[in-house]
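# Results of the structural survey
The primary structure of each chain is shown beneath.
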Amino acid sequence: MKRDPLFYKRPAIPGRKLPNSINEKINNNEQHCCEMMDMFLADPRIPLFYSSLYREYDIALLYKGKITALQGLFYCPWCRTKLPKSVREEWFEILAKEYHLDDPYCDEQEKLIPKEFKSDEWWKKRGL
Ligand SMILES: [Zn+2]
């Protein structure tokens, strides 16, 4: 029987914008699976992040106080809810296919990323 992995380790993708430090946590008052998740996401002392852009929950790996990589979560560690599927791959695919941005984090292309792709608007609109 194949079991879903509990964690996946994500390499630091070259050019992917990571928050530099834990002080850059954004709390946009979104509702998550449980009160504990809401609380830890809002707590600036805990290196837990939610990316509304990619719909991903990550534990930041710190090296000398800087975030160097992200450890993605498939399940909530507190209430065990299966977290929603990441839409990161779709973000890159749609930008490449519909907007011809095959390297959206290079300086030139980053300026051309449509506004809806800078928040959760793009995947909510597409019903992903
Ligand atoms: Zn939870």
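Residues numbered from 1 in each chain as written. Predicted model: local features only at pLDDT ≥ 70, side-chain atom pairs only at ≥ 80, totals over all residues.

### Remarks on the overall build of the protein chain
Put simply, the test is: A run of DSSP states H or I qualifies as a helix once it reaches four residues; a run of E qualifies as a strand once it reaches two. Both are numbered from the N-terminal end. Residues with at least 20 other C-beta atoms within 10 Å of their own are called buried, those with 12 or fewer are called exposed, and the rest are partly exposed. The C-beta atoms themselves are positioned from the backbone. C-beta atoms are placed from the backbone for every residue, and two residues are taken to be in contact when these atoms lie within 7 Å.
Along its length, the protein chain carries four helices and four strands. The linear arrangement of helices and strands in the protein chain, starting from the amino end, is β-α-β-β-β-α-α-α. Split into buried and exposed, the 128 residues of the protein chain put 8% on the buried side. Here the contacts in the protein chain between residues at least 6 apart in sequence split such that 53% fall between residues at least 24 apart.

### Overview of helix α2 (residues 88–99)
Keep this limit in mind: Working rule for helices: expected span equals 1.5 Å times residues minus one.
The end-to-end C-alpha distance of α2, which contains twelve residues, comes to 16 Å, matching closely the 16 Å that a straight helix rising 1.5 Å per residue would cover. Following α2 by one or two positions, His100 has its phi on the positive side, about 55°.

### Focus: the confidence of the model for the protein chain
We count it as follows: Per residue, pLDDT measures the predictor's confidence, with a range of 0 to 100.
On average, residues of the protein chain score 80 in pLDDT, and 77% of them are at 70 or above. Note on residues 7–16: pLDDT is under 50 here. Beyond four places in sequence and across chains, it has 16 contacts.

### What to know about unusual backbone geometry
Here the phi dihedral of Arg80 falls at roughly 70°; this positive angle occurs in a residue that is not glycine. Take Arg80: it is sitting in the loop between β4 (66–73) and α2.

### Overview of the pairing of strand β3 (residues 56–63)
Cut-off, in case you're wondering: Here the rule is simple: two strands pair whenever DSSP picks up at least two bridges between them.
Across four bridges, the pairing between strand β2 (residues 48–51) and β3 is antiparallel. For Leu48, the partnering residue across the bridge sits in β3 and is Ile59. Between β2 and β3, which follow one another and run antiparallel, lie four residues, and Arg55 among them has a positive phi close to 55°. Both β3 and β4 contribute to a ladder of six bridges, which runs antiparallel. In the strand pairing of β4, Tyr63 is matched with Lys66.

### Some details on the environment of Lys82
With respect to the helices and strands, the residue Lys82 is situated in the loop between β4 and α2. Its 10 C-beta neighbours within 10 Å are what place Lys82 among the exposed residues. Separated by 49 residues in sequence, Lys82 and Cys33 place their C-alpha atoms 8.9 Å apart. Each residue touching Lys82, except ones within four places of it in the same chain, is listed here: Phe74 and Tyr75.

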